[in-house]
Amino acid sequence: MNPAAAANQKEEFKLKDTKPQLGERWPHGGMHGGGGWISSERAASTYDLVEQMFYLYVRVVKAKDLTTNPVTGNIDPYIDVKLGNYKGKTQHFEKKTNPEWNQVFAFSKEKTQSSILEVFVRDREMVGRDDIYGKSDLRHE
């Protein structure tokens, strides 16, 4: 792999801070014809009675060039995401070395007991325990 491609691949799999648009969308751009998302100038609603909660959103996008199991000759990958006592699991793909999940997990920031997010790449086995193909720990604040 050439150095430019290796640098691009490292950047692609870095931890990224995103701010997704959450909330209700007004038709035709909102009350004042703006961007369409309800802002602080909006009318009161029943949603104002609910206490705001904060979440850590984790998006599992894809894996590239996974090695196959030398015994079976294939890999059935999935991802386990663990934050303290909370755990998420993606769907598994059969015999796929370049899986794309594009799956999002939401962890409540108030109820988490850890600041370390553990990400495991696993190979699903029909008999016995699933193999771990890789692990990464990410610290969040």
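Residues numbered from 1 in each chain as written. Predicted model: local features only at pLDDT ≥ 70, side-chain atom pairs only at ≥ 80, totals over all residues. Heavy atoms only, no water.

## Some details on the nonpolar core
Our working rule: To form a nonpolar core, buried Ala, Val, Leu, Ile, Met, Phe, Trp, Tyr and Cys residues must be joined to one another through side-chain atoms within 4.5 Å. Remark: exposure states derive from per-residue accessible area (1.4 Å probe, protein chains only) relative to the maximum for the residue type, with buried under 20%, exposed over 50%, and partly exposed in between. We call two residues in contact when some of their heavy atoms are within 4.5 Å.
In this structure, Val-58, Val-60, Ile-79, Val-81, Trp-101, Phe-107 and Leu-117 are the most contacted members of the largest nonpolar core, which totals 15 residues. Excluding residues that lie within four positions of it along the chain, Phe-107 makes contacts with Phe-54, Tyr-55, Leu-56, Val-58, Val-81, Leu-83, Tyr-86, Lys-87, Thr-112 and Leu-117.

## Some details on the pattern of salt bridges
Operational definition: By definition here, a salt bridge exists when the distance from a side-chain nitrogen of Lys or Arg to a carboxyl oxygen of Asp or Glu is within 4 Å. The secondary structure listing takes helices from DSSP runs of H or I that are at least 4 residues long and strands from runs of E that are at least 2 residues long, numbered from the N terminus.
In total, this model carries 4 salt bridges according to the counting rule given. Asp-80 serves as the salt-bridge partner of Arg-122, at 2.7 Å between the closest nitrogen and oxygen. Placement of Arg-122 in strand 5 (residues 116–123) and of Asp-80 in strand 2 (residues 77–83) is noted, with a sequence separation of 42 residues between them. Take Arg-122 and Asp-80: they sit in the same class, and that class is buried. Lys-135 serves as the salt-bridge partner of Glu-118, at 3.4 Å between the closest nitrogen and oxygen. Of this pair, Glu-118 sits in strand 5 while Lys-135 sits in strand 6 (residues 131–139); the two residues are 17 residues apart in sequence, bridging distant segments of the chain. The network of salt bridges with shared partners includes Asp-80, Lys-87 and Arg-122.

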